[in-house]
Amino acid sequence: MSPPWDPSTVVELPRALASMRRFELDGALLLFDRDTGLCARCDGPETAHLRQRAPRFVQLAITNRCNLACAFCYRDRRANSAWTPESAFELLRDLAEAGVLEVAFGGGEPFAFPGMAELVCRLYEQTPLAVNLTTNGLLLTTEILRQIAGKIGQLRLSLYEDNDWPATVARLVEQRTRFGINYLVTPARLPRLEVTVLDLVARGCRDVLLLSYNGHDHALHLGPTQARDLAQRVRELSRALRGRCGLKLDVCWGERMETVPRLLDPADCGAGVEFVALTSDRMLRPCSYHHLAFPIESAQDVLRHWSHRRTMLTAARDPGCARLAHAGLGPPPPHGALHADSLVERLRQQQQR
């Protein structure tokens, strides 16, 4: 497998940044520290020749098994996982050698996968990957938290009405785990947004990610008026928090949240380029909601499919995709969706700016 960068064109860095992992972007260099999560982007004449060689991170749904039965979940909980701890480790190790910076485990419930905590520890100890997990928290004991302490980049807790999240948040705070909350915003949940976020902050949470629904149940999608209401609530809540808690928006919101101030202004959500999703049956998708799926056995398979940018930049079919006009929720354009050619052109124009 080729090295993650060309040694003959290595960019010289200040001593303070020299220990960070390098990740080549198109015309820029990203530096990353997995223990702190610190990222630094360098661009200029010295980096103009660089080209991205791999996805920046990989989402791995290592199992579809789950101890909850959420109505909106698109996973088949009866499906068996094609992964073992050894096969997952080997593929992720090889992707790390190709330059991938992070893995984000999901599912299903990742802690329903036998040997999950041991896999996290092994990946941290034997690869340079940052290891992240999304969990409903019900299987997350104090013993597991102590076992993986210092070995995860971030743990994300999904907040539902039936997963006793206050008790999990208390355990995470007690164990000083770096964590954040995933909060699915639906029409029913929107009126309680401020109360919920402020409650989380009072309990010690410092990171809340607001997720949009992807799927065919229109009762779970925000309408245009509700989306504008959410954007206004986010602006006001962010000002009120004054840095006490990071309030983030899922990339799937796309142009629906364009009135919210952003740190970066991406031309695209990044699915299939910045990241790819691997499923429990060893398929690669541009993202976990996408209809396209390619069988994979090795890291080389992942990189080969990833390199086909025009295919990976297509829109998902389900409503909620940021690449669909009006997220697939309004009157469709003549051809129903943004085409890969226009997305590639948008990315190219952004890289030239």
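Our subject is the structure listed above.
Residues numbered from 1 in each chain as written. Predicted model: local features only at pLDDT ≥ 70, side-chain atom pairs only at ≥ 80, totals over all residues. Heavy atoms only, no water.

So what exactly am I meant to see when it comes to the packing of helix α1 (residues 85-97) against helix α7 (residues 299-306) here?
Describing two packed helices takes the angle between their axes plus the distance from one axis to the other. Where α1 meets α7, the axes come as close as 8 Å, and the angle between the chain directions of the two elements is 55°. Between α1 and α7, the angle is such that the two are oblique. For the pair formed by α1 and α7, the contact residues are Leu91, Asp94 and Leu95 on the first element and Ala299, Val302 and Leu303 on the second. (Axes fitted to C-alpha atoms, helices over the stretch in contact; angles between N-to-C directions. Helix = DSSP H or I, 4+ residues; strand = E, 2+ residues; numbered from the N terminus. Parallel < 35°, antiparallel > 145°, perpendicular 65-115°, else oblique. Contact = heavy atoms within 4.5 Å.)

When you look at α1 in this model, what are you seeing that I'm missing?
For an α-helix, the turn length of 3.6 residues means that residues three or four places apart are oriented alike. Under the 1.5 Å per step criterion, the end-to-end length of α1 is 18 Å for 13 residues, consistent within 8% with the ideal 18 Å. Restricting attention to buried positions, one finds in α1 the residues Ser87, Ala88, Phe89, Leu91, Leu92, Asp94, Leu95 and Ala96. Where α1 is buried, its residues contact β1 (21-25), β4 (57-61), β5 (102-106), α2 (116-126), β11 (275-278) and α7. Looking one or two residues beyond α1, the residue adopting positive phi is Gly99, at roughly 120°. (Expected span 1.5 Å × (residues − 1). Buried < 20%, exposed > 50% of the residue type's maximum accessible area, 1.4 Å probe, protein only.)

Would you mind showing me how to read the side chain of Asp207 here?
Secondary-structure assignment places Asp207 in strand β9 (residues 207-211). Under the relative-accessibility criterion, Asp207 is labelled buried at 7%. Here Gln154 takes part through its side chain, which lies 3.3 Å from a polar atom of the side chain of Asp207. Polar side-chain contacts of Asp207 include one of 3.0 Å to the side chain of Arg156. Discounting residues that sit within four places of it in the chain, Asp207 has contacts with Gln154, Arg156, Phe179, Gly180, Ile181, Cys245, Gly246 and Lys248. (Polar contact = N/O pair within 3.5 Å; in protein donor to acceptor, adjacent residues only side chain to side chain.)

What is the right way to read the pairing of β9 from this model?
Successive side chains on a regular strand alternate, one facing one side of the sheet and the next facing the other. Burial analysis of β9 places four of its five residues in the buried class, the great majority of the element. Taken together, strand β8 (residues 179-184), helix α5 (residues 193-202) and β9 constitute a β-α-β crossover, and its handedness is right-handed. (Right-handed = clockwise from strand over helix to strand, strands pointing away.)

I tried to follow the sheet that holds strand β3 (residues 39-43) on my own but got confused; where do I start?
What holds strands together in a sheet is hydrogen bonding between their backbones, with the strands either parallel or antiparallel. If you walk across this open sheet you meet the three strands as β1-β2-β3, and the pairing is antiparallel. Both outer strands of the open sheet, β1 and β3, are each paired with one neighbouring strand and no more. The mean inter-strand angle of the sheet, taken between neighbouring strand axes irrespective of direction, is 25°. Relative to strand β2 (residues 28-32), β1 runs antiparallel, the two being bridged by five bridges. From the neighbouring strand, Arg21 faces β2, where its bridge partner is Phe32. (Pairing = 2+ DSSP bridges.)

Please clarify how unusual backbone geometry should be interpreted in this entry.
In most cases, non-glycine residues show a negative phi, while peptide bonds are predominantly trans. The peptide bond linking Gly107 to Gly108 adopts the cis configuration, its omega dihedral lying at 15°. You can see Gly108 is positioned in the loop between β5 and α2. One non-glycine residue, Asp164, lies in the positive phi region at around 50°. Among the structural elements, Asp164 can be located in the loop between β7 (154-158) and α4 (165-174). Unlike most non-glycine residues, Ala327 shows phi in positive territory, near 60°. Within the secondary structure, Ala327 sits in the loop between α8 (309-312) and α9 (340-352). Of the residues examined, Ala327 reaches a relative accessible area of 5% and is grouped as buried.

Which parts of the structure should I look at to understand α2?
Met116, Ala117, Leu119, Val120, Cys121, Leu123 and Tyr124 are the residues of α2 that are buried. Buried residues along α2 sit in contact with α1, β5, β6 (130-135) and α3 (142-148).

Help me understand the pairing of β11, please; the structure alone is not making it clear to me.
Where burial is concerned, the two faces of β11 agree: the one with Phe275 and Ala277 and the one with Val276 and Leu278 are both buried. Here β4 pairs with β11 via four bridges, running parallel. Considered in β11, the bridge of Leu60 is made with Leu278. A loop of four residues connects β11 with strand β12 (residues 283-285), the two strands running antiparallel in sequence, and Arg282 in this loop sits at a positive phi of about 60°.

I would appreciate a short explanation of the packing of aromatic side chains in the present structure.
Taken as a whole and judged by the stated rule, the model has one aromatic pair. Judged by centre distance (5.2 Å) and plane angle (20°), the ring pair of Phe57 and Phe275 falls under stacked. In this pair, Phe57 is assigned in strand β4 and Phe275 in strand β11, connecting sequence segments 218 residues apart. Neither residue differs from the other here; Phe57 and Phe275 are each classed as buried. Stacked on the ring of Tyr124, the Lys or Arg Arg34 has its end atom at 3.8 Å from the ring centre. (Phe/Tyr/Trp six-rings, centres within 6.5 Å; stacked < 30°, edge-to-face > 60°. Lys NZ or Arg CZ within 6 Å of the ring centre and 35° of its normal.)

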